[in-house]
Amino acid sequence: MVTSVPRLVIAAPASGSGKTTVATGVMAALTARGLAVSPHKVGPDYIDPGYHALATGRVGRNLDAYLCGPELVGSLFAHGARGCDIAVAEGVMGLYDGAAGEGESASTAHVAKLLRAPVVLVVDASSQSRSVAALVHGFVTWDPEVRVGGVILNKVASDRHEALLREALDSVGVPVLGVLRRAAQAETPSRHLGLVPVAERGAAAVGAVAAMAAQVEAGCDLEGLVALARGAGALPCAAWDAAEVLGSSPQGAAPADPLVRVAVAGGAAFTFSYAEHSELLAAAGAEVVVFDPLRDEKLPDGTRGLVIGGGFPEVYASELSANEPLREAVAELASSGAPVAAECAGLLYLCRELDGLPMCGVLGASARMGERLTLGYRDAVAVTDSALAAAGTRMRGHEFHRTLVEPGAGAAPAWGMRAPERRVEGFVQRGVHASFLHTHWASEPGVARRFVERCRTS
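If you're wondering where the values come from, they're calculated on a predicted model, not measured in any experiment. (Residues numbered from 1 in each chain as written. Predicted model: local features only at pLDDT ≥ 70, side-chain atom pairs only at ≥ 80, totals over all residues. Heavy atoms only, no water.)

Of the regular secondary structure elements, the chain holds 15 helices and 24 strands. Taking 458 residues into account, the globule formula puts the C-alpha radius of gyration at 23 Å, and the chain, at 23 Å, falls close to it. Taking the principal axes of its C-alpha atoms as reference, the chain extends roughly 70 × 50 × 40 Å. Across the 458 residues that make up the chain, the buried fraction comes to 57%. In the chain, the share of contacts with a sequence separation of at least 24, taken over all contacts with a separation of at least 6, comes to 76%. Working note: accessible area of the chain is about 17900 Å², and carbon and sulfur atoms make up 51% of it. Taken as two groups, the 39 positive and 48 negative side-chain charges of the chain have centres that lie 3 Å from each other. (Helix = DSSP H or I, 4+ residues; strand = E, 2+ residues; numbered from the N terminus. Rg over C-alpha atoms; globule rule 2.2 N^0.38 Å. Buried < 20%, exposed > 50% of the residue type's maximum accessible area, 1.4 Å probe, protein only. Contact = heavy atoms within 4.5 Å. Areas by Shrake-Rupley, 256 points an atom, 1.4 Å probe, with all protein chains shown as cover. Lys, Arg positive; Asp, Glu negative; His and termini not counted. Charge placed at Lys NZ, Arg CZ, Asp CG, Glu CD.)

Shown next, in the form of structure tokens:
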């Protein structure tokens, strides 16, 4: 199978250069011109895809060569880009920055090569003029397999500044495809773990995306960007399909067993999830129903299993604690032995308390916000049989939190971290699997089948 969707990757020399503003603005501007745009994000980030989805009207999808393995990047891309006119992928960190100690693995450059996609380099030009040529030349020549097809100059001060930058870049041979003025930057507020998610900002997020689109429309050569994307050529890979990887019935066919209802936490407090997780659950025989722990006072009727992903429960701790009927419903479901899969924020919600406020009490652990950021990719193996994974199952994951958990009695560890971490983490207790580790189930789709089977039999 071959995928021929036009595509490009928006990258930068370093974090903070303006990738998200440019990528989201390009997506929104192209969508406004009537193109079906497939949005993607390199790496494990959950927040930027929310802005991408708002810009395009399509689900933002991640491309992570560490979590899923390089062999899945192309097929997951093709799955998301199916039926689209163009695909835009926002990079992570600097162009050549990837998993620590893993060479180019999971870097934007690595993913661009796997996609055979041209790269547009967003350069923060606010404190340089002629030096920009040396910077861009270095990024263009560092890896001959990475095709840097254009530059967008960000935070340019004036017409004179722009002229100096363009003159310097003439010698590099890379076209300038956009110039964004310093004074016109779109507002994207941040806090301790990055941008504030779309679900928390409401109309303000809509306005921010519109501002990004206007900025790109005014300052970038959209026709040049589309032409560059069309030069990507064919990508030999088949589109990923949840039913196919699970060997389940094709869509529309009568399932062998009736569907089981799996409730998935959503709303502003739980915004971190990969779209493929719900797709795998559905392919495994689940009826996926989203509920909001901030507003809903009970679980969806007939719930047989519960998935609680990541997010910012510490921001909403008071509201989550005040929803006592739902906390009691979650505790009751867990005490019945029903499968519960919780990641990071979900783990905190299942604890006895968070920053002194009562949570669900499913686990005897106590959680609190700390000062130290825990961040990085992890290589893990399941050390305890659970509703999610059999002992010995190896998965790669990502940790990203400032929270500390004091364990209580009655639970076994969920994961054993391999070198260089060498520690155990998480909790397995009856049907509950709770951990700080974010995983991408496409790398090990059997976990979705196992979870749904446990829902059916518990």
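The structure having been displayed, the exposition proceeds.
Secondary-structure assignment places Asn 323 in the loop between helix H12 (317–322) and helix H13 (324–335). Those residues within four positions of Asn 323 in sequence are excluded, and the remaining contacts are Pro 293, Leu 294, Arg 295, Asp 296 and Glu 297.

For any two helices packed against each other, the geometry comes down to the angle between their axes and how far apart the axes lie. Where helix H1 (residues 19–32) contacts helix H2 (residues 48–56), the axes come no closer than 8 Å and their chain directions differ by 20°. Viewed along their axes, H1 and H2 adopt a mutual orientation that is roughly parallel. In this structure, H1 crosses over H2, and the sense of that crossing is right-handed. Between H1, through Thr 20, Thr 24, Met 27, Ala 28 and Thr 31, and H2, the contact on the second element is made entirely by Asp 48, Tyr 51, His 52, Ala 55 and Thr 56. Of the residues contributing to the contact of H1 with H2, the split by class is four nonpolar, five polar and one charged. (Axes fitted to C-alpha atoms, helices over the stretch in contact; angles between N-to-C directions. Parallel < 35°, antiparallel > 145°, perpendicular 65-115°, else oblique. Left-handed = near helix turned anticlockwise from the far one by under 90°. Nonpolar A, V, L, I, M, F, W, Y, C, P; charged D, E, K, R; others polar.)

Once that is clear, we can look at the pattern of salt bridges. Counted according to the given criterion, the structure contains 20 salt bridges. The closest approach of N and O atoms between Asp 48 and Lys 41, which form a salt bridge, is 3.1 Å. The residues Asp 48 and Lys 41 share a single accessibility class, namely buried. Look at the salt bridges and you will find they share partners, linking Asp 159, Glu 162, Arg 166 and Arg 181 into a network. (Salt bridge = Lys/Arg side-chain N within 4 Å of Asp/Glu carboxyl O.)

Reading across from one edge, E13-E12-E14-E15-E23-E22 is the order of the six strands in this open sheet, with mixed pairing throughout. The open sheet is flanked by strand E13 (286–291) and strand E22 (427–429), the only strands paired with a single partner. In this sheet, adjacent strand axes meet at a mean angle of 15° when their direction is disregarded. Here three bridges tie strand E14 (residues 303–308) to strand E15 (residues 340–343), and the two strands are oriented parallel to one another. When the sheet's bridge partners are listed, Val 307 is paired in E15 with Ala 341. The sheet strands contacting helix H11 (residues 275–283) are strand E12 (260–265), E13 and E14, and the helix crosses E13 at an angle near 140°. Along the sheet face, H13 touches E13, E14, E15 and strand E23 (432–435) and points at about 110° away from the line of E14. (Pairing = 2+ DSSP bridges.)

Just distances and angles here, no functional claims.
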